[in-house]
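# Descriptive analysis of the structure
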Amino acid sequence: MFDTTNATDRIQWHFRDSRLRRNASNLSLKILESSPVGLVLFNKSGDICFFNRLLAKIFRYEGGELAELNLSDLIPPRFQHQHLKYHADYLEHPADRAMGNGKELYGLRKDGSEVPLE
């Protein structure tokens, strides 16, 4: 999972064709949606801004239900305190990196069961 604010605005595209350049935002969303891994993008407050279908399937949510959630809603209660600390540390010292690098990660599904994450 990546903490990303205005993700499509931060992606730099280099196209020869100006038509593709104009449609870069739509193209980036299509790329994110078709990813072979579950993706979630969220803002500084942790509000979910984007998720792909695979993430919804992994967490067993339907339709736009995930769009109403905060990232902390997907963290098991036993990890909530540590997650808040990691998130605050990241906001103080942002850097491009994979979340949970070197840590065991688990997500909390809609039904309350946990799922291991990579």
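Residues numbered from 1 in each chain as written. Predicted model: local features only at pLDDT ≥ 70, side-chain atom pairs only at ≥ 80, totals over all residues. Heavy atoms only, no water.

## Quick word on the nonpolar core
Grouped together as the largest cluster of nonpolar side chains are 13 residues, with contacts concentrated most on Ile48, Leu66 and Leu74. Broken down by secondary-structure element, the contributors of at least two residues to this core are β2 (40-42), β3 (48-51) and α4 (53-59). When residues of this core are assigned to their parent elements, the largest contribution, three residues, is made by α4. Contact partners of leucine 66, with chain neighbours within four places excluded, come to Ile48, Phe51, Leu55, Ala56, Tyr61 and Leu74. (Core = buried A, V, L, I, M, F, W, Y, C linked by side-chain atoms within 4.5 Å. Buried < 20%, exposed > 50% of the residue type's maximum accessible area, 1.4 Å probe, protein only. Helix = DSSP H or I, 4+ residues; strand = E, 2+ residues; numbered from the N terminus. Contact = heavy atoms within 4.5 Å.)

## Considerations on the environment of glycine 112
Along the chain, the position of glycine 112 falls in the loop between β4 (105-108) and β5 (114-117). For glycine 112, a relative accessible area of 46% translates into the label partly exposed. C-alpha of glycine 112 to C-alpha of phenylalanine 59: the two residues are 53 residues apart in sequence and 9.6 Å apart in space.

## What about unusual backbone geometry?
You will see that arginine 60, though not glycine, has its phi angle at about 65 degrees, which is positive. Examined against the element boundaries, arginine 60 turns out to sit in the loop between α4 and α5 (80-92).

## Things to note about α5
Over its 13 residues, α5 runs 19 Å from end to end, which matches the ideal 18 Å to within 8%, given 1.5 Å per residue. Of the residues making up α5, those classed as buried are His83, His87 and Tyr90. The buried residues of α5 all sit within an arc of 60 degrees when viewed along its axis, so they share a single face. Away from the buried face of α5 by more than 90 degrees, exposed residues His81, Leu84 and Glu92 are located. (Expected span 1.5 Å × (residues − 1). Arc of directions from axis to C-beta.)

## Considerations on the packing of aromatic side chains
In this structure the tally under the stated criterion is one aromatic pair. Centre to centre, the rings of phenylalanine 79 and tyrosine 106 are 6.1 Å apart; their planes meet at 0 degrees, and the pair counts as stacked. Highlighted residues: phenylalanine 79 in the loop between α4 and α5 and tyrosine 106 in strand β4, separated in sequence by 27 residues. The aromatic ring of tyrosine 106 is capped on one face by arginine 78, whose charged end is 5.2 Å from the ring centroid. (Phe/Tyr/Trp six-rings, centres within 6.5 Å; stacked < 30°, edge-to-face > 60°. Lys NZ or Arg CZ within 6 Å of the ring centre and 35° of its normal.)

From the geometry alone we can't say anything about function, so treat these as descriptive.
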